[in-house]
Amino acid sequence: MQNIQNIIERIQELKIERNAVILAHNYERGEIQDIADFTGDSLGLSKQAMEQEAEVIVFCGVNFMAESAAILSPEKTVLLPERYACCPMASMVTADALREEKMKYPDAAVVCYVNSTADVKAESDICCTSANAVEVVNSLEENEILFVPDKNLADYVSRYTTKKIIPWEGYCPTHNQILTTDVLRAKKDHPDAEVLAHPECRRDVIDLADRVFSTTGMVEHVKTAGNEFIIATERGILHKLRKDNPEKRFYDVSEYTVCPEMKAINLKSLLLSLENMQYVITVPEEVRVKARVALDRMLDIKRSR
Ligand code: 13P
Ligand code: SF4
């Protein structure tokens, strides 16, 4: 049985041999974030994937993130260390179902959250992330927006636009199960803490929050804000928040804020990924080209959250 230090050293060696870069989402296990070359939110990692000169991108996240990297960088080999790490929300809309819905709203623009499959992106006019959803929607000419798949993010956006938002009925199970009772309990326990919530949370939870951010938005905000924070999102981010700000205090909003898919990758699977060059994520060219249009339109919009 290899010890942790040996595994870490071998990953570092293989990274050089393979000319690989490791990207990790802010929700990944702490040890994966620590060994990654870059950590970030969905928007930041998409951009990193494009900018990298390495031949191989090892994407420590879920399937749709690795797919986005493969769409944006077809000349690179994109690896997802756990074959079945898939976002349940992304599976809540299919391209067929979206095509049917589009027929009901012929004048609507389709905005799809990046937490979606490549097939769904290919059926959409533009993508968005939690960091830029409001800006993306407001940048469009259309007054009707079919927003897929997150109903909570759709609802959040609807508060910052005059456009009619038609939500899909999808949701993130991890964020959707955060309840007002969790926030109220955490506030009672930590009355001086600022509450930061992710826009995948329900409206009533967001209403109790002081600020709403993407994961990288939270990372940036706490650098200059107060000393105590209640964090209403997936708990993996606490690792980064605590590591970057050892003098500040961060409290998880509840004990159930775990996304199992985001915890699928561990050091062993990362090592196996680099050793065996597994699992290669590819997107069929005709889907990739269409999905790329939707991602490129999003990337042209300046980030502000
Ligand atoms: P962000 O890091 O872009 O806010 O994404 C949240 C998320 O749920 C990714 O799965
Ligand atoms: Fe999907 Fe939610 Fe997990 Fe993100 S945290 S991967 S949105 S289930």
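Residues numbered from 1 in each chain as written. Chains lettered and ligands numbered in written order. Predicted model: local features only at pLDDT ≥ 70, side-chain atom pairs only at ≥ 80, totals over all residues. Heavy atoms only, no water.

K.L.:
So what's going on with the pattern of salt bridges? Residues and values would help.
P.N.:
Scanning all chains against the criterion turns up 20 salt bridges. Residue arginine 203 pairs with aspartate 155 through a salt bridge whose shortest N-O separation is 2.8 Å. Within this pair, whereas arginine 203 is found in helix H11 (residues 203-208), its partner aspartate 155 is found in helix H8 (residues 151-158), the two being separated by 48 residues in sequence. Among the charged side chains, a salt-bridge network with shared partners connects Asp96, Arg99, Lys102 and Glu123. (Salt bridge = Lys/Arg side-chain N within 4 Å of Asp/Glu carboxyl O. Helix = DSSP H or I, 4+ residues; strand = E, 2+ residues; numbered from the N terminus.)

K.L.:
Please give an account of the nonpolar core that cites residues and values.
P.N.:
Ile11, Val111, Phe147 and Met298 are the most contacted members of the largest nonpolar core, which has 100 residues in total. Residue contributions to this core peak at seven residues, all from helix H4 (residues 63-72). Among residues more than four places away in sequence, those in contact with valine 111 are Ile126, Cys128, Val136, Val137, Leu140, Ile145, Leu146, Phe147 and Val148. (Core = buried A, V, L, I, M, F, W, Y, C linked by side-chain atoms within 4.5 Å. Buried < 20%, exposed > 50% of the residue type's maximum accessible area, 1.4 Å probe, protein only. Contact = heavy atoms within 4.5 Å.)

K.L.:
For the sheet that holds strand S9 (residues 194-197), give the residues involved together with the corresponding values.
P.N.:
Read from one edge to the other, the open sheet built from four strands follows the order S10-S9-S11-S12, with strand pairing classed as parallel. Both outer strands of the open sheet, strand S10 (211-212) and strand S12 (249-252), are each paired with one neighbouring strand and no more. Here helix H12 (residues 215-224) sits on the sheet and contacts S9, S10, strand S11 (228-232) and S12; the angle it forms with S9, its principal contact strand, is near 160 degrees. (Pairing = 2+ DSSP bridges. Axes fitted to C-alpha atoms, helices over the stretch in contact; angles between N-to-C directions.)

K.L.:
Could you give me a rundown of the site of ligand 1, with the residues and numbers involved?
P.N.:
The immediate surroundings of ligand 1 are formed by 13 residues, with His25, Ser42, Ser130, His198 and Thr215 found nearest. In the model, an oxygen atom of ligand 1 is placed 2.7 Å from a nitrogen or oxygen of the serine 130 side chain. A per-class count over the shell around ligand 1 returns four nonpolar, seven polar and two charged. (Near = heavy atom within 4 Å. Polar contact = N/O pair within 3.5 Å; in protein donor to acceptor, adjacent residues only side chain to side chain. Nonpolar A, V, L, I, M, F, W, Y, C, P; charged D, E, K, R; others polar.)

K.L.:
Hey, could you go over the state of the cysteines for me, with residue numbers and the actual values?
P.N.:
Using the criterion set out here, one finds zero disulfides in the structure. Left unpaired, cysteine 60 is separated from the closest cysteine sulfur, that of cysteine 259, by 14 Å. (Disulfide = S-S within 2.5 Å.)

K.L.:
Run through the site of ligand 2, naming residues and quoting values.
P.N.:
Near ligand 2 the following residues occur: Tyr27, Cys87, Pro88, Met89, Asn115, Cys172, Pro173, Glu200, Cys259 and Met262. Its residues assigned to classes, the shell around ligand 2 comprises eight nonpolar, one polar and one charged.

K.L.:
Tell me about the side chain of threonine 233, and name the residues and values.
P.N.:
The topology assignment puts threonine 233 in the loop between S11 and helix H13 (237-244). Separated by 2.7 Å, the side chains of threonine 233 and tyrosine 27 make a polar contact. Apart from the residues within four sequence positions on either side, threonine 233 is in contact with Tyr27, His175, Ile178, His198, Thr215, Met218, Asp252 and Thr257.

K.L.:
I'd like to hear about unusual backbone geometry, residue by residue, with values.
P.N.:
For the bond from valine 148 to proline 149, the omega torsion is -15 degrees, close enough to zero to count as cis. With respect to the helices and strands, the residue proline 149 is situated in the loop between strand S7 (144-148) and H8. Backbone torsion omega between glutamine 278 and tyrosine 279 reads -10 degrees, so that peptide bond is classified as cis. Among the structural elements, tyrosine 279 can be located in the loop between helix H14 (267-276) and helix H15 (285-299). In this structure, asparagine 19 is a non-glycine residue whose phi angle is positive, near 55 degrees. Within the fold, asparagine 19 resides in the loop between helix H1 (4-18) and strand S1 (20-25). Given a relative accessible area of 33%, asparagine 19 falls into the partly exposed group. One non-glycine residue with positive phi stands out, namely methionine 277, at about 50 degrees. Along the chain, methionine 277 falls in the loop between H14 and H15.

K.L.:
Could you give me a rundown of H15, with the residues and numbers involved?
P.N.:
Over its 15 residues, H15 extends 20 Å from the first C-alpha to the last, a length consistent with the 21 Å expected when each residue adds 1.5 Å. What H15 keeps buried is the set Val287, Arg288, Ala291, Ala294, Leu295, Met298 and Leu299. On the buried face of H15, the contacting elements are helix H3 (42-51), H4, helix H6 (118-122), strand S6 (126-128) and helix H7 (133-138). (Expected span 1.5 Å × (residues − 1).)

K.L.:
Tell me about the packing of aromatic side chains, and please be specific about residues and values.
P.N.:
For the structure shown, the criterion picks out two aromatic pairs. Summarising the aromatic geometry, the rings of tyrosine 156 and tyrosine 160 are spaced 5.1 Å apart at their centres and angled 55 degrees between planes, so their arrangement reads as tilted. Tyrosine 156 sits in the buried class, given a relative accessible area of 5%. The interplanar angle of 15 degrees and the centroid separation of 5.4 Å between the aromatic rings of phenylalanine 229 and phenylalanine 250 together place this pair among those described as stacked. (Phe/Tyr/Trp six-rings, centres within 6.5 Å; stacked < 30°, edge-to-face > 60°.)

K.L.:
Talk me through a negative patch on the surface; I want residue IDs and the actual numbers.
P.N.:
Taken together, the side chains of Asp107, Asp125, Glu141 and Glu142 present a region of like negative charge at the surface. Following the sequence through the fold, glutamate 141 ends up in the loop between H7 and S7. (Patch = residues over 30% accessible without salt bridge, like charges linked within 9 Å, V, L, I, M, F, W, Y side chains within 5 Å. Areas by Shrake-Rupley, 256 points an atom, 1.4 Å probe, with all protein chains shown as cover. Lys, Arg positive; Asp, Glu negative; His and termini not counted. Charge placed at Lys NZ, Arg CZ, Asp CG, Glu CD.)

K.L.:
How would you explain the environment of histidine 239 if you had to name every residue and give the values?
P.N.:
The residue histidine 239 is located in helix H13 in this model. A relative accessible area of 28% places histidine 239 in the partly exposed class. Sequence separation between histidine 239 and glutamate 28 is 211 residues; the distance between their C-alpha atoms is 9.1 Å. Contact partners of histidine 239, with chain neighbours within four places excluded, come to Gly30, Gln33 and Asp34.

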